[in-house]
Amino acid sequence: MSNTPPQIEESWLETLRDEFESSYFSDLKNFLKEEKKNYRIFPPGPQIFSAFNLTPLTAVKVVIIGQDPYHGNGQAHGLCFSVKEGIAVPPSLKNIYKELHSDLNIPISNSGNLEKWATQGVLLLNATLTVREGEAGSHQGKGWEVFTDQVIRTVSDLRAGVVFLLWGKYAQDKQELIDEQKHFILKAPHPSPFSANRGFFGCHHFSDVNNILLENGLGSIDWNPSD
């Protein structure tokens, strides 16, 4: 299979070109090609790189790291924790909204679409960018994590003053990829119903992010997902 790079925003294409031309990425594309012959894959192909297309490297202010896309029909659209309009808000995102309400008094949204965050500089990055329908984690260990680890390193190397929100152990294991002399790291348990009560609720990350951004002369994020 050719090493033609994916359709991805220009600033990411330039900085990640070596990844797209690498053997592991070629193997990943071949794996996905075979998967699509036998299974439904989420998100749809044009949306796999939505996080990058909505949040250029040059615009990144905040990074939220998720693990895997949603594996239900119609849910995943390339942004971690986010679902398309008209899809029921998943449990972890419900808890994110509860913390938003507690922290900043933002009304709890009926929409699970977080594109408004992405267009303000919040990179909503899953470690694995695709999944087989109905099978959580089915595309882990196929090369996506190599790619997204490099994405995190790229943000760390080429940007300054970015706030990384590391929710849960999986995201917190990525801390070693981040230059803590240049960036800010906020950690909390995962917002999943299994762990949100262990410290995600009450973490005040959303107000903390805005305070950090404002202290550093950057515009704050309007965290209300609905217009």
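Presented here is a report on the structure given in the accompanying data block. (Residues numbered from 1 in each chain as written. Predicted model: local features only at pLDDT ≥ 70, side-chain atom pairs only at ≥ 80, totals over all residues. Heavy atoms only, no water.)

## Quick word on empty space enclosed by the protein
Thought 1: Inspection of every chain in the model, using the stated rule, returns one cavity of 30 Å³ or more.
Thought 2: Reported here for the largest cavity is a volume of approximately 80 Å³.
Thought 3: As for the largest cavity, its lining consists of 15 residues, of which Pro 69, Gly 78, Leu 79, Cys 80 and Asn 126 are closest to the centre.
Thought 4: Of the residues assigned to the lining of the largest cavity, the class counts are ten nonpolar, four polar and one charged. (1 Å grid on protein atoms, 1.4 Å probe; cavity = no way out; pocket = protein on both sides within 12 Å on 5 of 7 lines; lining within 4 Å. Points joined across faces, edges and corners; volume = space filled by probe spheres on them. Nonpolar A, V, L, I, M, F, W, Y, C, P; charged D, E, K, R; others polar.)

## Notes on the packing of helix H3 (residues 23-38) against helix H7 (residues 144-158)
Thought 1: One way to put it is that H3 packs onto H7 with a least axis distance of 9 Å and a crossing angle of 130°. Considering the angle they form, H3 stands oblique to H7. Contacts between H3 and H7 involve Tyr 24, Phe 25, Leu 28 and Leu 32 from the former and Trp 144, Val 146 and Phe 147 from the latter.
Thought 2: A class-by-class count of the residues in the contact of H3 with H7 yields seven nonpolar, no polar and no charged. (Axes fitted to C-alpha atoms, helices over the stretch in contact; angles between N-to-C directions. Helix = DSSP H or I, 4+ residues; strand = E, 2+ residues; numbered from the N terminus. Parallel < 35°, antiparallel > 145°, perpendicular 65-115°, else oblique. Contact = heavy atoms within 4.5 Å.)

## Digging into the sheet that holds strand S5 (residues 163-167)
Thought 1: Pairing is parallel across the open sheet formed by four strands, whose spatial order is S3-S2-S5-S6. Of all strands in the sheet, those bounded by a partner on one side alone are strand S3 (122-126) and strand S6 (184-188). Mean inter-strand twist for the sheet, computed between neighbouring axes without regard to direction, equals 20°.
Thought 2: Relative to S3, strand S2 (residues 62-66) runs parallel, the two being bridged by five bridges. Bridged to Ile 65 within S3 is Leu 125.
Thought 3: Taken strand by strand, H7 contacts S2, S3 and S5, and its axis lies near 155° from that of S3. (Pairing = 2+ DSSP bridges.)

So yeah, pure geometry; function would need other evidence.
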